[in-house]
Amino acid sequence: MAVFTREHKAIRVGMLISGEHRSPFGEGIFQYLTLLVKGASPGALQFNLVLSQNSVEAFEVWRDHLPPELQADVVVIGAPDRVSRNFHSIEIDLEVGDWIRAFEKGVDVWFTLQPHYAILTAANKPVATIFADWVFSEYFTMFPPEINIEPQYEATKKMASVVSRFICFSEHVKKNHICKVFGISEERVVVLPHARFDYADVTGCSFTSKKAAADRIRDYLADEALTPIEDRPNRDIWQRRLLGNILKGFPFEEVDYALVSTRARPHKNTGIVLRAALEMRRTYANTKIIVTAPISWTAPQDAFSKEITDSGLQWDVIALAQLPSEVHAAVYRCAAVTVHPSPFEGGFPFTAFESLSMGTPILIADGAVAREFLPIEDREHFLFNPTSPSQLAARIGETIRDRDKVLSRQLQAIEKFPRSLRQNTNELIALFEQLIMAPPLGVARVDAGEISFNSEDQSDLTAEGWWPKEDWGRWSSSGRSTLRFWNAPGSAAHAIELHLSVPPYEGAEFMGWITINDDPASRITISDSGNKHSLMVTINGLPEGLVTVAINTRKLSRPSDMGSADGRAMGFGLGQVRFLTGGPGGGAH
């Protein structure tokens, strides 16, 4: 019998990453992965990143920027197009399912950064997922009709059937999004708040002065200027022609500017910063706005860009998007203040830790999650009314005038956040260990004894590829029909007996084979010769832990072709299943 132990010291984590990523700069996914990898001890976790072929280069560049001792912990795999196109598909064909099951032989647990990777319904290994938020339930009138949330909702519901643990970053999301909207039990949701971190440690850039940081920004913009305009990712052509030469020599360390490090999505409330800028202009405050959102003033469908144009702020709003992390850190270092305008985030915003660790105070929009993490006595130092441009304008002015005092108070408040990257990652490792050693969601536990398909528990044993049960058992409906069960370590069954049959009509003959966890176990042939249309198959040497038994039929048949009224395509019939304990030759229990 196989022993249920991990041969590898590292927990091998399979991670699916959808979309096409052309650059490792300026995307939140790379920020989160960096924090995750740096939070682990070298060799504790092996991250197997499965993504589209077009994204491989960007992730390899990101990996190569990690500390050398951590690079070996990240494996980048380009999935076949047919697989990567179906990461979120509700209906999974046999070929895609086979690829997932073959790949997962090299992983111990699946871990995704979003909860709608429905392709993992084909997986056998345990699944945990980040469920950052369901933002649509916070702002259900804010998203335009062309944003179709129904497929994402359905894919999340589908994936929920196999996810053992959902991980979120706040109690608010757990109760009001995951449990309330999707009906998921609280026991399946783990709250893992964001850890406090030093952005200088993450990026490797501390900058001894604003001048040093500003020089790094200018060097980057000067190098970027050598790239043809149409190939540059950071700002649109219109702004480059307007401000390109100016920015190469711009005194970032001398000009007061508010940094807005966020994307310009409908719920991010970026418009309030523009309206606050207009308020400041009326008082002749010379404060610029730098945004990290890619914007295009020539795109009429871009609401943020349109508001910039309508407000006449083209000279006051500077877009620096898709920045390398060290340049992003430099922009923080030179800012007079950072503004986080969204009143809702799934957890306490990363921008607070980034900004404060680079020596810049931050103003955060008041909201439920911010209040969850900031005690009453600290809120006045951080929060502003997200519906009041005049208040934001006043707070920006006050913060710039009393910058050192505000920064000192905020740093004292942030010291109260007890969690570290290492603590968060260790809790994640403990969760992975727990999932690896426990039955996946909805999988029957087998200690010993007999399970009959006449019992009410049969739905826990049959996984996929079966017609509805009948009073004797059920017929397979696919070329690959599976049973899944948890063969409990320490009290596991050593063998399984399968009572197989074929339809009792003249000429019926079925050929096929059985696999255990995709390894060949037995060939099977059954015919109605001599009225012997059934067979008892015994397979010894069952492994411990999660077991998938696949009954494969070479060719399905329809009884209606033999004169029956039953037009279903079917393979083998499965009646009784028995699990044997006591070692080879032992009795059935």
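What comes next is a walk through the structure. (Residues numbered from 1 in each chain as written. Predicted model: local features only at pLDDT ≥ 70, side-chain atom pairs only at ≥ 80, totals over all residues. Heavy atoms only, no water.)

Observations concerning the nonpolar core
Taken as a class, soluble globular proteins show a tendency for nonpolar side chains to be buried jointly. Trp-110, Phe-252 and Phe-348 are the most contacted members of the largest nonpolar core, which totals 80 residues. A total of 6 residues in this core trace back to one element, the largest contributor, which is helix α13 (residues 325-334). In this structure, Phe-348 is in contact with His-194, Phe-353, Ile-364, Val-369, Ala-370, Phe-373, Leu-374, Ile-414 and Phe-417, ignoring residues within four places of it in sequence. The next biggest cluster of nonpolar side chains, apart from the first, holds 37 residues, and it includes Leu-45, Trp-62, Phe-111 and Ile-167. (Core = buried A, V, L, I, M, F, W, Y, C linked by side-chain atoms within 4.5 Å. Buried < 20%, exposed > 50% of the residue type's maximum accessible area, 1.4 Å probe, protein only. Helix = DSSP H or I, 4+ residues; strand = E, 2+ residues; numbered from the N terminus. Contact = heavy atoms within 4.5 Å.)

Some details on the packing of aromatic side chains
Tallied over the entire structure, the rule returns 26 aromatic pairs. Judged by centre distance (5.4 Å) and plane angle (65 degrees), the rings of Phe-111 and Phe-432 are edge-to-face. Here Phe-111, found in strand β4 (residues 109-112), pairs with Phe-432, found in helix α19 (residues 421-436); they are 321 residues apart in sequence, far enough to count as distant. Relative accessible area serves as the criterion here: at 0%, Phe-432 is assigned to the buried category. With 6.4 Å between their ring centres and 85 degrees between their planes, Phe-252 and Tyr-257 make a pair best called edge-to-face. (Phe/Tyr/Trp six-rings, centres within 6.5 Å; stacked < 30°, edge-to-face > 60°.)

Here's the deal with the packing of helix α1 (residues 28-39) against helix α2 (residues 56-64)
The N-to-C vectors of α1 and α2 enclose an angle of 40 degrees; their axes lie 11 Å apart at closest approach. It follows from the interaxial angle that α1 and α2 lie oblique. Once α1 is placed against α2, the crossing between them reads as right-handed. When α1 is examined against α2, the residues Ile-29, Phe-30, Leu-33, Thr-34 and Val-37 are found in contact with a partner set consisting of Ala-58, Phe-59 and Trp-62. Here the residues of the contact of α1 with α2 are counted per class, giving 7 nonpolar, 1 polar and no charged. (Axes fitted to C-alpha atoms, helices over the stretch in contact; angles between N-to-C directions. Parallel < 35°, antiparallel > 145°, perpendicular 65-115°, else oblique. Left-handed = near helix turned anticlockwise from the far one by under 90°. Nonpolar A, V, L, I, M, F, W, Y, C, P; charged D, E, K, R; others polar.)

Here's the deal with the environment of Ser-534
For Ser-534, the position within the fold is in strand β22 (residues 534-540). Separated by 38 residues in sequence, Ser-534 and Phe-572 place their C-alpha atoms 9.4 Å apart. Residues in contact with Ser-534, not counting those within four places in the same chain, are His-499, Leu-500, Ser-501 and Ile-526.

Some points on helix α18 (residues 403-414)
Between the first and last C-alpha of α18 there are 16 Å, a value that for 12 residues agrees with the 16 Å anticipated at 1.5 Å per step. Buried within α18 we find Arg-403, Val-406, Leu-407, Gln-410, Ala-413 and Ile-414. Buried residues of α18, viewed axially, fall in a sector of 125 degrees; they line one side. Of the exposed residues in α18, those oriented more than 90 degrees away from the buried face are Asp-404 and Gln-412. (Expected span 1.5 Å × (residues − 1). Arc of directions from axis to C-beta.)

Structural notes on the sheet that holds strand β7 (residues 189-191)
To summarise the sheet geometry, strands pair through backbone hydrogen bonds and adopt either a parallel or an antiparallel arrangement. If you trace the 7 strands from one edge of the open sheet to the other, you get β3-β2-β1-β4-β5-β6-β7, paired in parallel fashion. Both outer strands of the open sheet, β3 (74-78) and β7, are each paired with one neighbouring strand and no more. Here the average twist between neighbouring strands, direction ignored, is 25 degrees. Pairing analysis gives 2 bridges linking strand β1 (residues 11-17) to β4, with the strands arranged parallel. Opposite Gly-14, over in β4, you have Trp-110 as the bridge partner. Each of β1, β2 (45-51) and β3 touches α2; the most contacted strand, β3, lies at about 170 degrees to it. The sheet contacts of helix α7 (residues 171-182) involve β6 (163-168) and β7, and relative to β7 the element is tilted by about 155 degrees. (Pairing = 2+ DSSP bridges.)

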